[in-house]
Amino acid sequence: MKSDARVVVIGGGVVGASVLYHLTKAGWKDVLLLERGELTCGSTWHAAGGMHTLNGDPNVARLQQYTINLYKELERISGQSCGLHMPGGIMLAGTRERFDWLKMAQARGRYLGMDLELISADEAARVFPIIDKRHFVGALLDPIEGHVDPYGVTHAYAKAAQIGGAQVVRHTRVMDLKARPDGSWDVITDAGNVHAEHVVNAGGLWAREVGRMVGLELPILAMQHQYLITEDLPALKGQKELLTCIDFEGEIYTRQERGGVLLGTYERAGVPWSPLQTPWDFTHSLLPEDLERIAPSLEVGFQHFPALAQAGVRKVVNGPFTFAPDGNPLVGPVPGLTNFWVACGVMAGFSQGGGVGLALSQWMVEGDPGADVWAMDVARYGDWVSLAYTNAKVRENYSRRFRIRFPNEELSAARPLRTTPVYERLQAGHAVFGEYCGLEHALWFAPSAAQATEEITFHRSNAHPHVAAECQAVREAVGLLEISNYGKFEVTGPGVEEWLSYVMANRVPKVGRIALTPMLNERGKLIGDFTLCRLAAQRVFLICTYAAQEYYRRWFERHAPPPGVTVRPCAMEYVGLSVAGPRSRALLQSLTREDLSSAAFPFLSFRALDVGMIPALVGRISFTGDLGYEIWVTSEYQRALYDLLMGAGAEQGLKLFGGRALNTLRIEKSFGTWAREYRPIYGPYEAGLGRFVDLKKGEFVGRAAALEERDSGGALRLVTFSVDASDADASGDEPVWHDGKVVGWVTSGAYGHSVRQSLALGYIPAALARETSGFEIEIIGERRKALRQPAAVFDPDGSRMRA
Ligand SMILES: Cc1cc2nc3c(=O)[nH]c(=O)nc-3n(C[C@H](O)[C@H](O)[C@H](O)COP(=O)(O)OP(=O)(O)OC[C@H]3O[C@@H](n4cnc5c(N)ncnc54)[C@H](O)[C@@H]3O)c2cc1C
C-alpha cells in the first residue's frame, strides 16, 4: 500500500467503487480505495440489484438515469460483465389515488425525457401475466428499468478505476482519521498509515462509525430488508424475461430471477439493525430470516400474484442497508471539516451509485458537483438531528417507501421535537402544524380544535376556505404569522461590507436598510437568496432559508471572511413574528414610540426598536408582498410580543395566518423561494432576480458568469401562469406544455385567494417568454389551459408594500 495519495476512499461497496472510478474519469489518478474485507462485503453483495429512474426529486431522477445508462460504458472499459438485464418495468396501481399518482409521475417524466406509458389493468395483465388484474386499476410502464449483478457492477467500477490509475487495497481497515493543520489527513489503518489530501467516507453500513472517527454523527441508520426467491414458475419457461414490478398496495417489488421470481417488501413494521454501533465482524453476512414479519405484505402479494402463492420458496435473504431520514443519499463535503467528503446513506446503490460518484468526483475535482444535488447534499441536515431522531424518521421512511406522499401531507414521526415559545399559543388558536427541520410551524388555523386536521389529497383540501379567510385578512386588514423558521446569521467586525459584497451579488445596504440579494456560485448559478439587514456599520443580520443554513455555512467557510469578521449562525436565537396587511402599520404604531410613517420608516428599513417593553429588531418587509413588518426578538420575549400584538390587534381585525396562506400570497406576488424557484440550475436573470445583481459594484463570486447571462439573456425564464384548474391546483413538478410539446416545468403552485385564480410559477425557454397563450399545465393527468401573466397578478407595481 502506498503511503501517500491524493484521495483515500474508505469502502469498497458499489458506492465507494463508483466514486473511485469517477475520480479517475475526472482526471485524478492518484486515488486509493481501502476496503476492510473483500469488495461488496457490506450491504452490496446481497442486494437484489434492481434499478429504476423514478424519484420524487427530478434532479435525483436525472442522476438515476445517468447511473443506468453508465453500465454499458463500464462493461466496455472494464471487460467485466455487470449482469445487465433491461426487461423494462411496470408500476401497478390498485386504487384511483395511486393511478392519479402514476399520472403525475408520468407527467413529471415528460420533462425529464422519460418515455413512460399509462396502461389499463387489462393491458397490464397482458404484458405482465402473473397478476390477478382484478386487484388493479391500471399501471405505468417504464422501458428503462431492470436489474444488475451487484458483484459484477462493483468489480466493473473497481477495474475501470484501476485501468484509470487507481489502486484498490483489500483487507485493510481504516481504524482512525487524524486531521493535519494543512487540512490533509492521516489515514490510520491496521496495515500502516496513508497521508491523503482528501478522504471520502463511503463506508456504507459503517459510514456512521467512520464519521465518528472525525467527530461526526451522520444521520444514517441501517434497516433489515428481506426478499425471497421462488422456485421456477412453469409459466415463465421459454418466455421473454418478466418486467420488473412495483405493486404499491402490496408494498412489494418483484423481478425475474432465473426461472423464478424475486419478491421483496418494505414492510410497515420495519426493524432497524445495529441502531447504535455496527459490528466490525459483520462481513459477507446475512441476518436470520423472519418471514413472519413480512407476512402481511406476502398475504397481499400472493393474492395479487397468485402464481407466486403456488411456488415454493427457494431462498430468503435478510440483509441490512442504510438510509438517511428522508431516504436520499448524503453526499458532499462536510461543513466544518476540511477535505472530508461523504458518499453514504445510498439506499438504492444500483440506481444512484453512478450519479453519486459522478457528482462527488466533480465536486472534488472541479469544486462544484455540476448538477443540482440539493436533495442529497449532506448539508441539508444540521446539528438538530440526533441519533434517536434519525431512528424515528428512517423507520417512518422505510415503512412508507411504497406509499403516496401527498403534496399537503405532513409526516408524524419524531414530532413534536422543536417548538418555539408561542407554540402553545398557536395551538390554542387551532393551528394545524407542519414540520420543517424538526421545528413545528403553523400551516393554517382551523375554526375549532375538532376541525384542526387536514385531509390529505391531491385536490383542494378542507383547509381551502380557512386559508382563504387568512389571505383575506392579510389583504384587507392585518395578519400575524410566526416566522421563526428562517435561517439567520449575524456578521460582525471591520470588513463586513467588503466581505459580504464579495460573496453576495447585490450591494450591501446602508445602515438601517435592507437589501435582497442572490448568492451565486462561480458558474453564476443561484445558491441562495438572502435578506441583508444592516444594523450598524459593522453588524449585518442575514436572513435566509433555514434548511440551507449548513449549506451556506459551508460556502462561507470556503469563501472565508477576513480576520476580524465573524459569521455566526443564530437561527434559533432570534425567533420572529410578522404582521402584514394594510392595517399592520397602525397596529405596530400603537405599540411603539418610534415613528413608523413611510417617511420615517420606509419600505426596506431595519432598526432596533422597542415594541412595548420588548427590545426587537424590526424590518419593514413582508413575503406576503403587502405592507408588513418582520419583528425579531430573542426567544424569551416571543410570548410577550405575541400577547401584545394579539391584544392590540383585535381592534384592527388581526387574524393569525400560517405557511399555506403565505405560500399563496407570495405566489400572487411572483416571489420565488429557495429549493423551488431558486436552485443551482438557474441563473439570476433566468429567475427574474437580475435587478438584485449589481454588476457595477466590483468583483463578487459569480460576476463574470452573471455578466454573460445578462448579455445572453439566459436559456430559461421564470414566469407566472394563471391556470384553468377546477378543484386541484399545481403544486410543483408538473410539466408545462406549449403548442402540444412539453417545454418547461412548474416550481410552485397554489390557489390565489385574493385574485381568485389558480396560479403556478415555472420555468420555460426564454424564447417563449413573450408568448402569453398556447400554454397548458398538466395537473393529475389533465392538461389545463394556462395563461402566462406579464407580471405578478397581485399589485404588480408593488405599491402596497411601499405604501
Ligand atoms: C436485501 C437487500 C436488497 C437490496 N436490493 C437493492 C436493489 O434491488 N437495488 C438497489 O439499488 N439497492 C438495493 N439494496 C441496497 C444496496 O445494497 C445499497 O444501496 C448499497 O449496497 C450501498 O452500497 P455502499 O457502497 O454504500 O455500502 P456497503 O456495501 O455497505 O459498502 C461499504 C464498504 O465499506 C467498507 N468499510 C466500511 N468501513 C470501513 C473501514 N473503516 N475501513 C475499510 N473499509 C470499510 C465495508 O467493508 C463495505 O464493503 C438492497 C439491500 C439489501 C440489504
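Scroll up to find the structure this text is about.
Residues numbered from 1 in each chain as written. Predicted model: local features only at pLDDT ≥ 70, side-chain atom pairs only at ≥ 80, totals over all residues. Heavy atoms only, no water.

Caption draft 1: Spotlight on the sheet that holds strand β28 (residues 574-580). Pairing is mixed in the open sheet, where six strands are placed in the order β29-β30-β31-β28-β22-β32. The open sheet terminates on both sides in strands that have one partner only, identified here as β29 (606-611) and β32 (654-656). On average, each strand axis in the sheet is tilted by 30° relative to the strand beside it, whichever way the strands run. Inspection of the sheet shows strand β30 (residues 614-619) paired to strand β31 (residues 628-634) by three bridges, in the antiparallel sense. When the bridges of β31 are listed, glycine 619 appears paired with glutamate 630. Of the strands in this sheet, β22 (478-482), β28 and β32 touch helix α12 (residues 464-476), which is tilted by about 145° from β32. (Pairing = 2+ DSSP bridges. Helix = DSSP H or I, 4+ residues; strand = E, 2+ residues; numbered from the N terminus. Axes fitted to C-alpha atoms, helices over the stretch in contact; angles between N-to-C directions. Contact = heavy atoms within 4.5 Å.)

Caption draft 2: Local environment of the packing of helix α1 (residues 14-25) against helix α5 (residues 150-163). Where α1 contacts α5, the two axes come as close as 8 Å, and the packing angle between them is 25°. As summarised for this structure, α1 and α5 are arranged roughly parallel, according to the angle between their axes. Between α1 and α5 the crossing geometry is left-handed. Within the contact between the two elements, α1 uses Val14, Ala17, Ser18, Leu20, Tyr21, His22 and Thr24 and α5 uses Val153, Thr154, Tyr157, Ala158, Ala160 and Ala161. Here the contact of α1 with α5 is composed, by residue class, of nine nonpolar, four polar and no charged. (Parallel < 35°, antiparallel > 145°, perpendicular 65-115°, else oblique. Left-handed = near helix turned anticlockwise from the far one by under 90°. Nonpolar A, V, L, I, M, F, W, Y, C, P; charged D, E, K, R; others polar.)

Caption draft 3: Broad picture of the pairing of β22. Most of β22 sits inside the fold, with five of its five residues counted as buried. Because side chains alternate across β22, one face comprises the buried residues Val478, Leu480 and Glu482, and the other comprises Gly479 and Leu481, equally buried. Bridging between β22 and β32 involves three bridges; their strand directions are parallel. Bridge assignment links leucine 480 to a residue of β32, and that residue is leucine 656. The pairing of β22 with β28 spans four bridges and is antiparallel. Of the residues in β28, the one forming a bridge with glutamate 482 is leucine 577. (Buried < 20%, exposed > 50% of the residue type's maximum accessible area, 1.4 Å probe, protein only.)

Caption draft 4: Quick look at the packing of α1 against helix α2 (residues 58-78). Viewed as axis vectors pointing N to C, α1 and α2 meet at an angle of 75°, and their least axial separation amounts to 13 Å. When the axes of α1 and α2 are compared, the pair comes out roughly perpendicular. For the pair formed by α1 and α2, the contact residues are Tyr21, His22 and Lys25 on the first element and Tyr66, Leu70, Glu73, Leu74 and Ile77 on the second. Across the contact of α1 with α2, the residue classes break down as five nonpolar, one polar and two charged.

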